[in-house]
Amino acid sequence: NGDSTIHVLKRAGKLTELGKLLEDGSPDSGLAIAHSRWATHGAPTDLNAHPHFDQFGDIALIHNGIIENYLEMKAELMAEGHVFRSETDTEVAAHLIGREHAAGLTLEESVRRAVRRLRGAFAFVVLSRREPEKFVAARNASPLIVGLGEGESMVASDVPALLPYTRKVVIIEDDRVAMLTRDGVVVTDLEGRPAPYEPMTIDWDVEAAEKGGYEHFMLKEIHE
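Along each chain, residues carry numbers from 1 onward, in the same order as the chain's sequence is written. In keeping with the predicted nature of the model, local features appear solely for residues at pLDDT of at least 70, side-chain atom pairs appear and are counted solely at 80 or more, and the whole-chain, interface and lining totals rest on all residues. To obtain the side-chain values, all non-hydrogen atoms of the structure were included, while hydrogens and water were left out.

1. What to know about the sheet that holds strand β6 (residues 153–156)
Within a beta sheet, neighbouring strands are joined by backbone hydrogen bonds and run either parallel or antiparallel to one another. Read across the sheet, four strands follow the order β6-β5-β7-β10 without closing on themselves; strand pairing throughout is antiparallel. Two strands close off the open sheet at either side, each with one partner strand: β6 and β10 (200–201). A pair of strands is treated as paired once DSSP finds two or more bridges between them. Strands are runs of DSSP state E lasting at least two residues, helices are runs of H or I lasting at least four, and both sets are numbered from the N terminus onward.

Right, dumping it as structure tokens:
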């Protein structure tokens, strides 16, 4: 919103509880991330809800999936003096990215370096207080879809979430990092090399999109 401040709204429970926080209006911003968390590591509390921050309050991150080696990474970071505020594996990823970012690396390079240290299934979406004109997403085994709009870019975990806003999408592959701005998206591999992609136009209706293009939900579930 011009002041490089990250505003955070969290609530445990149903989405209506979060909606109550927005009744007086949401912060004025051209960049936002959000996530509905299903509790794995850590109880379903406000404190464990996403997004999570790094040690310095510069990085905010949401995460779909499970980080298998988070205890190992957490011990390493705590030995360096990092203080954790939640019980989640997600916060470890935020701290890893924040450590690289604090050393002067760009947000996208910080994400690439951190992701190379992690094992598990994850899709991250990350923003930085220091680079407020973009956000970065990374995928390993958890679904990640980029939407290309008019003067805007967006990301979600499935196609139906994007259909009200755009029908031009990019399916992000495993071990890829995407940088999104108003002007479009740049995708690289974990070493920073450009990773070409081909946008696709979705001509399904919402019901068909929820079936992932399959004729029946049962067929979709069999393939999944």
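2. Comments concerning helix α2 (residues 70–79)
Whether a residue is buried, partly exposed or exposed follows from its accessible area with a 1.4 Å probe, protein chains only, as a fraction of its type maximum: under 20%, in between, or over 50%, in that order. Those residues of α2 not exposed but buried are Tyr-70, Met-73, Lys-74 and Leu-77. The buried residues of α2 occupy an angular sector of 100° when projected down its axis, which confines them to one face. Those residues of α2 that are exposed and aimed more than 90 degrees away from the buried face are Leu-71 and Ala-79. We call two residues contacting when some pair of their heavy atoms lies within 4.5 Å. Check the buried side of α2 and you find it contacts β2 (59–67) and α3 (90–102). Within two residues after α2, Gly-81 carries a phi angle of roughly 105°, on the positive side. Working note: the arc is built from the helix axis to C-beta atom directions.

3. Some details on helix α4 (residues 107–115)
Counted residue by residue, α4 has eight buried out of nine residues, so it is predominantly covered. Those residues of α4 that sit buried are Leu-107, Glu-108, Glu-109, Ser-110, Val-111, Arg-112, Ala-114 and Val-115. Of the surrounding elements, those touching the buried residues of α4 are β2, α3, β3 (120–128), β4 (135–140), β8 (176–181) and β9 (184–189).

4. Points about the packing of α3 against α4
Between the N-to-C directions of two axes lies an angle of 0 to 180 degrees, each axis being a line fitted to C-alpha atoms and, for a helix, fitted only over the stretch in contact. Packing of α3 against α4 brings their axes to within 8 Å, and their N-to-C directions diverge by 130°. When the axis of α3 is compared with that of α4, the two are oblique. Crossing hand, α3 versus α4: right-handed. Within the contact between the two elements, α3 uses Leu-96, Ile-97, Glu-100 and His-101 and α4 uses Leu-107, Ser-110, Val-111, Arg-113 and Ala-114. Just so you know the grouping, Ala, Val, Leu, Ile, Met, Phe, Trp, Tyr, Cys and Pro go in nonpolar, Asp, Glu, Lys and Arg go in charged, and all remaining residues, Gly too, go in polar. Among the residues making up the contact of α3 with α4, the classes are represented as five nonpolar, two polar and two charged. Here the word oblique covers every angle except those under 35 degrees (roughly parallel), over 145 (roughly antiparallel) and from 65 to 115 (roughly perpendicular). Left-handed describes a crossing in which the near helix is turned anticlockwise from the far one by less than a right angle; the clockwise case is right-handed.

5. Topic: the nonpolar core
Grouped together as the largest cluster of nonpolar side chains are 25 residues, with contacts concentrated most on Ile-97, Val-111, Leu-118, Phe-124 and Val-126. Mapped onto this core, the elements with two or more residues apiece are β2, α2, α3, α4, β3, β4 and β8. Looking at which element gives the most residues to this core, the answer is α3, with five residues. For Val-126, the residues in contact, after removing those within four places along its chain, are Ile-59, Ala-60, Leu-61, Ile-97, Leu-107, Val-111, Phe-135 and Val-136. In terms of nonpolar packing, the next biggest core, distinct from the first, is built from 18 residues, Ala-60, Ala-123, Ala-137 and Ala-195 among them. What makes a nonpolar core is a set of buried Ala, Val, Leu, Ile, Met, Phe, Trp, Tyr and Cys residues whose side-chain atoms join them at distances within 4.5 Å.

6. Things to note about the pairing of strand β5 (residues 145–148)
What you see with β5 is no split at all: Ile-145 and Gly-147 on one side and Val-146 and Leu-148 on the other are buried throughout. As judged from the four bridges shared by β5 and β6, these two strands associate in the antiparallel manner. When the sheet's bridge partners are listed, Ile-145 is paired in β6 with Ala-156.

7. Examining the pattern of salt bridges
What makes a salt bridge here is a side-chain nitrogen of Lys or Arg within 4 Å of a carboxyl oxygen of Asp or Glu, nothing more. Using the criterion set out here, one finds 14 salt bridges in the structure. Among the salt bridges present, the one from Lys-134 reaches Glu-108, with a minimum N-O distance of 2.8 Å. Of the two residues, Lys-134 sits in the loop between β3 and β4 while Glu-108 sits in helix α4, which places them 26 residues apart along the sequence. The pair Lys-134 / Glu-108 is uniform in exposure class, with both members buried. Residues joined in a network through salt bridges with shared partners are Glu-76, Glu-80, Arg-99 and Arg-117.

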